[in-house]
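Each chain, written out:
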Amino acid sequence: MRKSNSPLPGLVALVGAAAFLLFTIPGQAQHTLQVLHHHVRPAVANGQAVPVGRVPASERLQLAIMLPLRNQAELTSLLGLLHDPASPEYGHFLSVAQFTERFGPTQQDYQAVVDFAKANGFTVTNTSPNRLLVDINGSVAQIEKAFHVTMTVYQHPTENRTFYSPDREPSLDLSVPVKRIAGLNNFSIPRPKLEKAAVKQMKSNATGSGPDGAYRPSDMRAAYYGSGSLTGTGQSVGLLEFDGYELADVNSDMGGESYTVTITNVLVDGGTAGSDGDDGEQAIDIAQAIGMAPGLTSVRVYIAPGTSDIGVGDVDIFNKMATDNISKQLSCSWGWTPDDPSDDDPIFVEFAAQGQNLFVASGDAGKYTGNNNTDESYPAEDVYVVAVGGTDLTTNGAGGAWESETAWSDSSGGPADNKFVIPSWQVGVADSSNDASSTIRDLPDVAAEANFDNILCDDGTCYYNEYGGTSYAAPRWAGYLALANQQNVINHGTTLGFLNPLIYPIGFGSSYDSNFHDISSGNNGYPAVTGYDLVTGWGSPNGPTLINTLTGAATPSFTLSDSPGSLTITQGGAGGTSTITVNDQNGFAGSVTLAASGLPSGVTAVFGTNPTTGTSVLTLTASATAATGTATVTVTGTSGSLTATTTIALTVKAAAGSANFTIGASPTSLTVERDSSGKSTITITSQNSFSSATTLSVTGLPTGVTSRFSKNPVTPAANGSATASLTLTASGKATIGTATVTVTGTSGSLSHSATISLTVTRR
């Protein structure tokens, strides 16, 4: 990004696709340069934007060079199979490493771009695991020389501000194909899909549980999901934001309701976590996701600098979401006008291949006009995202169930302004009543409450029934998908991935009305009609029914938990206890038989109640000759064909008086890819003045895995400790899977062991 004293405003925009053309520089010999396209806005090219000066040569810009994906035909085919329930590939989503290996730029090409940047004086500020982006920082003088442009300041043709842009399409002396150079202009500034009501628009009969009847986030859960048991456990929601927020505003948006979800800030391009004086959008996005899914493992807030100096924040955020691959439901409540409608497609395609789904607010300006120079339609109109429109919801009372819903008049929708070709899953949606296009991507796909009957808290001040927008609707759908993904993981061990190929067949099918609230009244310039329409798409989610249709009926199951999760007992002592709890899921009501495994020699386990339908107290006791050291005790519960496990970290100490030692490993679990290695520190701790040499050995190694100690034997000081580093190396043909590796320390007649859970994976 630019230095904070920059005289220029705004967003550093995203940019174009590569080609190879002949380019002549006056006064120089003719040579072949790679010329890019779609980096100069029409307003600059046609003279509508008036130049007012040059960008200072010393001004520094943050840019991102994007490379194209490989094997596009294979990738397109794979995406179809991953989201086709009839395909054996269904739900077998790729890891970041797998996606990069099959479809990312080659390491050689990526390194060539890095070398090009450094050779031209740029600082490489970040490289990405998927090899799609090379982030660079350089002066305007360096940019002009490397890309053969003149960076010029122009008067914006429709806004009261200036913007910067190259005067011509960039070209570069590089044979490796480049898709775009993000950050060369700031013609378009991202804006939140959030709207303040005029006095006449304020809703006086709101039925929420907040002040003046305004909707709290939890009201959306009650309306769209009901009283089911899914909470989003194990799932993460990722949010795209420009500028930070104050946690106090999130808490106020929650309406005073407590929550335990971990909120993690992921700062991109120098973004900061605190608010700059306007955090309304950021706070509601977080609160709405949590309100719908209060058991989320985390909400990850990806923050780039604000709209006065945002650098290449949007492309870098999207790419960070993809390479993290943690949040399987993503939400964007911002809109901007791209240089090229395909700007972010390589990243959006990676989302789909990795089982991630991006919801985008469709906008708050009514029907699309066909003018792609607005901030309303992108990125919502992209074919690889789920566009979320807005509705006016009525519940049957404060915190009550869904009662009725009409189209919100400001909900943006229509055939895509940027003329994206209609995707295969949307073919057939157009009919004589809905004005949808049969050749262009239609929006939105789904909808949720977005009228002026919500809570918004902004830097300490809260407003009730004054704000609305599809920016409320998008994170609500992200939270709802977290519920569905929680159930799909239980039933099938994977997430659902990109929703549109899954929900359109439901819309076309006979069970549509039981899965969606079909909204057929109201308009945004287009009418809301029975079935699909250009105001609300297929409508809002109809409780657990849609989740069950997407994931299969909820399967009764259970999990186990323990408290405490670690115990220390002494040879010949009274033992220690941990309470094992059976946690019912989806109506499970069976009896569970418990068993303990992984016990050290001489240690016994007794369950107070076995089998149990609730809790059972586990007592672990060590005999006078029990093996000392650390071990992982696994408690397994079985009920018919269902099983669940939980683990307890157990330490057995020597009885007082005799010299002895304990052995421990840290960490106690390792994941190692083939052709790589992992390390664990083995610690020998003296007891009762033990200070003898202790020889270490390893057993239980999978085929193809070798071990090496940094030193062996090890000798602790009396009543002290000594360590050795254990390296476990997996060959290229090592057995895939998880194994228990046992590390044993032996000194004379004394012998104690520690275990490490080793998982070998493919690269």
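As the structure is a computational prediction, the values presented were derived from the model and not from experiment.

Chemist: I'd like a rundown of the nonpolar core, residues and numbers included.
Modeler: Counting residues in each nonpolar core, the largest one holds 110 residues, and the members touching the most others are F318, F351, L358, F359, W477, L499 and F516. With nine residues, helix α11 (residues 470–492) is the largest single contributor of residues to this core. Those residues in contact with L358, other than ones at most four positions away along the chain, are F318, L330, S331, C332, F348, F351, V385 and V386. The next biggest cluster of nonpolar side chains, apart from the first, holds 28 residues, and it includes L36, A146, M151 and V153.

Chemist: Explain the sheet that holds strand β36 (residues 660–666) to me, using residue names and the numbers behind them.
Modeler: The four strands lie next to each other as β36-β38-β41-β40, forming an open sheet whose pairing is antiparallel. The open sheet has two free edges, formed respectively by β36 and β40 (705–709), since each of these has just one partner strand. Averaged over all neighbouring strand pairs, the angle between strand axes comes to 25 degrees, with direction disregarded. The sheet contact formed by strand β38 (residues 676–687) and strand β41 (residues 721–730) spans ten bridges and is antiparallel. The residue bridging T683 from the neighbouring strand is T723, located in β41.

Chemist: Account for a negative patch on the surface, naming residues and giving values.
Modeler: A cluster of acidic residues, E246, D276, D278 and D459, forms a negative patch on the protein surface. Counting through the fold element by element, D276 comes out in the loop between β14 (262–267) and α8 (280–292).

Chemist: Describe the side chain of E405, and please don't skip the residues or the numbers.
Modeler: Along the chain, E405 falls in strand β20 (residues 402–407). Among buried charged residues, E405 stands out as having no salt bridge; its nearest opposite-charge side chain is R476, 8.2 Å away. At 2.6 Å, the side chain of E405 and the side chain of T391 are in polar contact. For E405, the contacting residues outside a window of four places in its chain are Y224, T391, D392, L393, A448, E449, H517, I519, S521 and S540.

Chemist: Provide a residue-level description of the state of the cysteines, including the pertinent values.
Modeler: Considering all chains together, one arrives at one disulfide under this definition. Across the disulfide from C457 sits C462; the S-S distance is 2.1 Å. The sign of the S-S torsion, about 110 degrees, decides the handedness of the disulfide formed by C457 and C462: right-handed. Under the relative-accessibility criterion, C462 is labelled partly exposed at 25%.

Chemist: Provide a residue-level description of the packing of aromatic side chains, including the pertinent values.
Modeler: A full pass over the atoms with the stated rule returns 27 aromatic pairs. Geometrically, the ring pair formed by F359 and W477 is tilted, given 6.0 Å between the ring centres and 35 degrees between the ring planes. Here F359 is found in strand β18 (residues 357–361), whereas its partner W477 is found in helix α11, with 118 residues between them in sequence. The exposure class of W477 is buried, given its relative accessible area of 2%. A centroid spacing of 5.0 Å and a plane angle of 45 degrees characterise the contact between W425 and Y504, whose relative ring orientation is tilted. Of this pair, W425 sits in the loop between β21 (414–415) and β22 (442–443) while Y504 sits in helix α12 (residues 500–508), and the two are 79 residues apart along the sequence. The exposure classification of W425 matches that of Y504, with both residues buried. One aromatic cluster in this structure is built from W425, F498, Y504, F508, Y512, F516, Y532 and W538.

Chemist: Please provide a residue-by-residue account of the environment of T636, values included.
Modeler: Its place among the elements puts T636 in strand β34 (residues 629–639). For the pair T636 and A596, spaced 40 residues apart in sequence, the C-alpha separation works out to 6.4 Å. T636 has contacts with L560, T593, L594, A595, A644 and T645, leaving out every residue within four places of it along the chain.

Chemist: A description of the pattern of salt bridges should follow, citing residues and the corresponding values.
Modeler: In the structure shown here, the tally under the stated rule is twelve salt bridges. Between D344 and R180 there is a salt bridge; the shortest N-O distance is 3.5 Å. Taken together, the residues D344 in the loop between β17 (334–335) and α10 (345–353) and R180 in strand β10 (residues 180–182) connect sequence positions 164 residues apart. Notably, a salt bridge pairs K196 with E466, separated by 2.6 Å at the nearest N-O pair. Here E466 lies in strand β25 (residues 461–468) and K196 lies in strand β12 (residues 195–196), a separation of 270 residues in the sequence. A relative accessible area of 43% means that K196 is categorised as partly exposed.

Scoring rules and cut-offs
- Residues numbered from 1 in each chain as written.
- Predicted model: local features only at pLDDT ≥ 70, side-chain atom pairs only at ≥ 80, totals over all residues.
- Heavy atoms only, no water.
- Core = buried A, V, L, I, M, F, W, Y, C linked by side-chain atoms within 4.5 Å.
- Buried < 20%, exposed > 50% of the residue type's maximum accessible area, 1.4 Å probe, protein only.
- Helix = DSSP H or I, 4+ residues; strand = E, 2+ residues; numbered from the N terminus.
- Contact = heavy atoms within 4.5 Å.
- Pairing = 2+ DSSP bridges.
- Axes fitted to C-alpha atoms, helices over the stretch in contact; angles between N-to-C directions.
- Patch = residues over 30% accessible without salt bridge, like charges linked within 9 Å, V, L, I, M, F, W, Y side chains within 5 Å.
- Areas by Shrake-Rupley, 256 points an atom, 1.4 Å probe, with all protein chains shown as cover.
- Salt bridge = Lys/Arg side-chain N within 4 Å of Asp/Glu carboxyl O.
- Lys, Arg positive; Asp, Glu negative; His and termini not counted.
- Charge placed at Lys NZ, Arg CZ, Asp CG, Glu CD.
- Polar contact = N/O pair within 3.5 Å; in protein donor to acceptor, adjacent residues only side chain to side chain.
- Disulfide = S-S within 2.5 Å.
- Phe/Tyr/Trp six-rings, centres within 6.5 Å; stacked < 30°, edge-to-face > 60°.

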